[in-house]
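Remarks on the overall topology
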Amino acid sequence: MKKLLLLSLAHCIVMISAVAGEANGNVLFAPDFLRDVKQNAHLSVAESDGIPELIVTRKEAGSVYADFPVDTELIAGKKIVLSGDVAYENISKVPHSWQGVKLMLVLTKANGQLDYLQPIAGTGSAPYHRLGREIVVPPDIRKANIALGLKDASGIVRFRNVRLTGPSGVVVRNWVLDGYIDRENAIYRPEETMQFFFRLSGKGNAPAGTLRITRRGEDRRQETKHIPIRCSETVAYRTSLAQPGFVMVRAELLDGNGIPMKNIEYGLGAGVLPERLQQAVAEPEDFDAFWAEKLADLAKTPVKVLEKKPVRKNSFADLFDVKIACTGGRPVSGYLSIPRNAKAKSLPLEVCFDGYSVQSATEVSRPGMLILSINPHGIENGREKSYYQALAQGELKHYGFRDAENQSRDTSYFLGMLLRSVRAVEFATTLPEWNGKDLTLSGSSQGGLQAIAATALTQKATSCQVKIPWFCDLGMTQPGRVRGWLPKYTPALGYFDTVNFASRIHCPVSVMGGLSDYVCPPSGVQVLYNHLKGPAELKMVQGLNHAFYAGFRGRKNNAVGIFHK
């Protein structure tokens, strides 16, 4: 039975220096709607309060633009701001955030490549608000134009005060953005009003600004609001959810050009009947048979140390770069930390896994503990930056997201990755210094997938600790839940779904999820927790996006609840 322990909710403080853009900056170019727009059934020009506005209309989903050529000499090699006031009515939903309303600068590079640079607008309806984006223009561009309109959408959008300007030099220091909700545990009843509060304050003469609030939820409803805010004011946003799931609300402070000010943001979330969330697509019927076969193949390759090179010493341990034989064409590759003068069978052991990246294994070392930290790919550790850049742009580019590979469970990139994770555990448990009892597997994001999978497949761990775990509930496209950052679903990926490993774990598991994490949404994390059969703990954290951004880093006691079973 689950027990809820309530913790106090701390505010998130952002202490930064940022450059705030101003709408009245040096104007480099502004389109002339009255002179340059050829009006037709989709494009018209009117005046509102004496200001010319472009009106773009589509009754059915499609694409239409008004184009305005820009003299490249005005912007080549410069840092500029594209901005404009935008209002829209009944803009239809679009598959991707870059579709829909288009306030865009199109650049043709010297090699003929096109860059489409734009701020992201919302769907539905919204009164006039300012959108903007900073752009660094290459010095050798061949062509430039501003495109205003709609892409793959229907509705009405209005533009005014569109311009290209230079960046502002106004400096704002020590701004604070707090977020909280009207209850500590963040759990509501269906259709009960959820109240989210955001408070802006700052030292000195902090001017008024605009708070952009974006809402996403499991009901497929997306909403964006722009609300004026002054220092020391609190802005409230209210919504609800009628079904099991989560709502995520993100607030960003916009400067005078409608550009988000760096790190002045905060995310909140709340749930409805989260314990009822279940996996969208059932696990493959032969899940256990498949992995039994793959583990049998792995066993044909003996656990053998291919390389063990001393790297460095710290005050208490020696660090080694190790490579261990494995199937799949690549070894296990990582760093092994062994406390100095450790006796045989004396130390607890931890195996650590990294997130989605192409880089060296992370160096992890703690007194009194054996630690093996591996990279996901079996590549070299401690190499120069260019080595990892070449892999990221070549052999490992978009790894795990290649649709052709994911059509088959035998060709998916995650098969080799998870077998290396298993082999890492098999090797680590042969270390003579291990006490033979205490083994923790840990990881964040993609590392959470590896830790959960290796815990299930080896049955050796005495504890598993994962934060913002990735790859949870891959098939959650049908219920309308916030899916996060995942490859296109195929049945083959079901063999690598983090949730499908969860029910096979018997040791205690600790899970942490971010209530405003759009990469690994709280709904997927909750489904993972719901499928754990053994002792488990779930911490849901306010203010935690996928990355530990400046507003969250170092905060304490910001978990809104800890669930146990």
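Quick notes on the rules
- Residues numbered from 1 in each chain as written.
- Predicted model: local features only at pLDDT ≥ 70, side-chain atom pairs only at ≥ 80, totals over all residues.
- Heavy atoms only, no water.
- Helix = DSSP H or I, 4+ residues; strand = E, 2+ residues; numbered from the N terminus.
- Buried < 20%, exposed > 50% of the residue type's maximum accessible area, 1.4 Å probe, protein only.
- Areas by Shrake-Rupley, 256 points an atom, 1.4 Å probe, with all protein chains shown as cover.
- Phe/Tyr/Trp six-rings, centres within 6.5 Å; stacked < 30°, edge-to-face > 60°.
- Lys NZ or Arg CZ within 6 Å of the ring centre and 35° of its normal.
- pLDDT = per-residue confidence, 0-100.
- Contact = heavy atoms within 4.5 Å.
- Axes fitted to C-alpha atoms, helices over the stretch in contact; angles between N-to-C directions.
- Parallel < 35°, antiparallel > 145°, perpendicular 65-115°, else oblique.
- Left-handed = near helix turned anticlockwise from the far one by under 90°.
- Nonpolar A, V, L, I, M, F, W, Y, C, P; charged D, E, K, R; others polar.
- Pairing = 2+ DSSP bridges.
- Right-handed = clockwise from strand over helix to strand, strands pointing away.

1. Overview of the overall build of the protein chain
The number of helices and strands found in the protein chain is 7 helices and 29 strands. Per-residue burial over the protein chain gives 55% buried out of 565 residues. Carbon and sulfur atoms form 50% of the exposed surface of the protein chain, whose accessible area is close to 24200 Å².

2. Concerning the packing of aromatic side chains
A complete count under the given rule lists 22 aromatic pairs for this structure. Judged by centre distance (5.7 Å) and plane angle (80°), the ring pair of Y356 and W470 falls under edge-to-face. Residue Y356 is found in the loop between β23 (347–353) and β24 (370–374), and its partner W470 is found in the loop between β26 (463–467) and α6 (498–502); the two are separated by 114 residues along the sequence. Its relative accessible area of 27% is what places Y356 among the partly exposed residues. Looking at W470, the relative accessible area reads 1%, which means it is buried. The ring of Y387 is capped by R383, whose NZ or CZ atom sits 4.1 Å from the centre of that ring.

3. Regarding the confidence of the model for the protein chain
When the pLDDT values of the protein chain are averaged, the result is 89; 90% of them are 70 or greater. This stretch, residues 1–24, has a pLDDT under 50; its non-local contacts, to residues over four places away or in other chains, come to 99 contacts.

4. Some points on the packing of helix α4 (residues 413–428) against helix α5 (residues 446–458)
Between α4 and α5, the least distance of the axes is 9 Å, while the angle of their chain directions is 60°. Here α4 is positioned oblique relative to α5, judged by the angle of their axes. The handedness of the crossing between α4 and α5 comes out as right-handed. Across the interface between the two elements, F414, M417, L418, S421, V422 and V425 of α4 pack against Q446, L449, Q450, A453, A454, L457 and T458 of α5. In the contact of α4 with α5, the residues fall into 9 nonpolar, 4 polar and no charged.

5. Considering the sheet that holds strand β13 (residues 187–188)
Neighbouring strands of a sheet are bound in pairs by backbone hydrogen bonds; such pairs are parallel or else antiparallel. With respect to topology, 5 strands assemble into an open sheet ordered β13-β19-β18-β15-β16, the strand pairing being mixed. Each having just a single partner strand, β13 and β16 (222–229) make up the two edges of the open sheet. Where β13 lies against strand β19 (residues 260–272), 2 bridges are found, and the strand directions are parallel. What sits directly across from I187, in β19, is G271.

6. Things to note about the pairing of strand β25 (residues 434–444)
For a regular strand, side-chain orientation follows a simple rule: the groups alternate between the two sheet faces. Sheet topology places β23 next to β25; 6 bridges connect them, and they run parallel. The partner of V351 across the bridge, within β25, is L441. Note that β25 and β26 share 5 bridges and pair parallel. Across the sheet, S444 pairs through a bridge with K467, a residue of β26. In this fold, the crossover linking β25 to β26 by way of α5 has right-handed handedness.

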